[in-house]
Amino acid sequence: CSSDLDTQNGGGCFRECVFMVIIACYAGESEMRLMGGTGSMKTQKERMLAGELYVADDPELGRENHRAKRLVREFNQTTEAQPEERQRLLTAMFNKIGDGGYIEPPFHTDYGSNTTIGKHFYANYDAIFIDVGRITIGDNVFMGPRVGLYTAGHPIDAAIRAEQLEYGWPITIGHDVWFGGNVVVNPGVTIGSNVVIGSGSVVTHDISDNVVAVGNPCHVLREITTADHEYWARQRAAYFADCDDDW
């Protein structure tokens, strides 16, 4: 848009240009010209995964979301007598889930294909992964009931939010992390390895390695130390001593 139009119309010209881009994307255009300019336009999916503003009401994203809804519905309708079918559906649902991964139904996700999960993963009932941004989970991660990983965000400005523009920022979780029940992880957060997140926490910023973190907003309560290892090693030894006759 010309600077004259910008001066005369304020933000109106910008809104008109945004509207033109959205309409072109709805029509399936991969390239377009704007006011004499040329360039290859990103798809809504590419914008979404790049952490840029995008519109979710898009044919490609719609197809992928419908696929995820079908797989989620089929998974949630399985019974405890169908472990192989559950594993097949999880493998189809996610970009990757490592060996020994298990999720208790019901479970919900937007796409699944934007989520990568390591080995020996466990999520209890009612986990929700909103993976409009990429979710990456390491090995040996355990989740209590109702843990939510929410990569989606919306503009703070109400007028722009009402135009259906939104964004997603990735969530990254390291190895050996335990989430208590009802934890929420917000967009753009990275959680390190060997971490415990206390029940009910709302994680709004990065959490470093080797800590116990709690609260809303979630903050580091203390470090995990050799004293923790020594205490739990004694508890483990006592358990196996009690169970000698059974092993």
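Refer to the preceding data block for the structure.
Calculation criteria
- Residues numbered from 1 in each chain as written.
- Predicted model: local features only at pLDDT ≥ 70, side-chain atom pairs only at ≥ 80, totals over all residues.
- Heavy atoms only, no water.
- Helix = DSSP H or I, 4+ residues; strand = E, 2+ residues; numbered from the N terminus.
- Buried < 20%, exposed > 50% of the residue type's maximum accessible area, 1.4 Å probe, protein only.
- Contact = heavy atoms within 4.5 Å.
- Areas by Shrake-Rupley, 256 points an atom, 1.4 Å probe, with all protein chains shown as cover.
- Pairing = 2+ DSSP bridges.
- Salt bridge = Lys/Arg side-chain N within 4 Å of Asp/Glu carboxyl O.
- Phe/Tyr/Trp six-rings, centres within 6.5 Å; stacked < 30°, edge-to-face > 60°.
- Core = buried A, V, L, I, M, F, W, Y, C linked by side-chain atoms within 4.5 Å.

Student: If you had to explain the overall build of the protein chain to someone new, which residues and values would you point to?
Tutor: Helix and strand content of the protein chain: seven helices and 20 strands. Here the protein chain holds 247 residues, and 36% of them are scored as buried. A separation of at least 24 residues holds for 26% of the contacts in the protein chain among residues at least 6 apart in sequence. In the form shown here, the protein chain has an accessible surface area of approximately 13,900 Å², with 53% of it arising from carbon and sulfur atoms.

Student: Quick rundown of the pairing of strand β20 (residues 219-223)? Include the residues and the values.
Tutor: As paired strands, strand β19 (residues 211-214) and β20 are joined by four bridges and run antiparallel to one another. The residue bridging Val214 from the neighbouring strand is His219, located in β20. What sits between β19 and β20 in their antiparallel hairpin is a turn of four residues, with Gly215 showing a positive phi close to 105 degrees.

Student: Help me get a handle on the pattern of salt bridges, residues and values and all.
Tutor: Summed over the entire model, instances satisfying the criterion amount to seven salt bridges. In this structure, Glu52 engages Arg47 in a salt bridge whose closest nitrogen and oxygen atoms are separated by 3.5 Å. By relative accessible area, which is 26% here, Arg47 ends up partly exposed. Arg88 is the partner of Glu85 in a salt bridge, and the nearest nitrogen-oxygen pair spans 2.7 Å. One end of the pair is Glu85 and the other is Arg88, both in helix α5 (residues 83-93) and three residues apart, which spans about a single turn.

Student: Summarise the packing of aromatic side chains; cite the residues concerned and give the values.
Tutor: The full count for this structure, using the stated rule, is seven aromatic pairs. Centroid distance Tyr102 to Tyr122: 6.1 Å. Interplanar angle 5 degrees. Geometry classified as stacked. One end of the pair, Tyr102, is in strand β3 (residues 102-103); the other, Tyr122, is in strand β6 (residues 122-123), and 20 residues separate them in sequence. Residue class for Tyr102 comes out partly exposed when judged on its relative accessible area of 31%. Ring centres of Tyr231 and Trp232 lie 4.9 Å apart, and the angle between their planes is 85 degrees; this geometry places the pair in the edge-to-face category. Members of the aromatic cluster, each reached through a chain of ring pairs, are Phe94, Phe107, Phe121 and Phe129.

Student: Lay out the sheet that holds strand β9 (residues 142-143) with the relevant residues and their values.
Tutor: Paired through their backbone hydrogen bonds, the strands of a sheet run either parallel or antiparallel. Taken together, the seven strands give an open sheet; going across it, the order is β3-β6-β9-β14-β17-β19-β20, and neighbouring strands pair in mixed fashion. Strands with a single pairing partner mark the edges of an open sheet, and in this sheet they are β3 and β20.

Student: Describe the nonpolar core, with residues and values.
Tutor: Soluble globular proteins: nonpolar side chains tend toward being buried together. Of all hydrophobic cores here, the largest spans 36 residues; its most connected members are Phe129, Ile137, Met143, Leu149 and Phe179. Contributions of two or more residues to this core are made by α4 (59-76), α5, β7 (127-130), β8 (135-137), β13 (171-173), β14 (177-179), β17 (195-197) and β19. Discounting chain neighbours no more than four positions away, the residues touching Phe179 are Val141, Phe142, Met143, Gly144, Val147, Ile173, Val185, Ile191 and Ile197.

Student: Talk me through the sheet that holds β13; I want residue IDs and the actual numbers.
Tutor: One open sheet accounts for five strands, arranged β2-β5-β8-β13-β16; its pairing is parallel. Where the open sheet ends on each side, the last strands, each with one partner, are β2 (96-97) and β16 (190-191). Pairing of β8 with β13 involves three bridges; the strand directions are parallel. Directly across from Ile137, in β13, lies its bridge partner Ile173.

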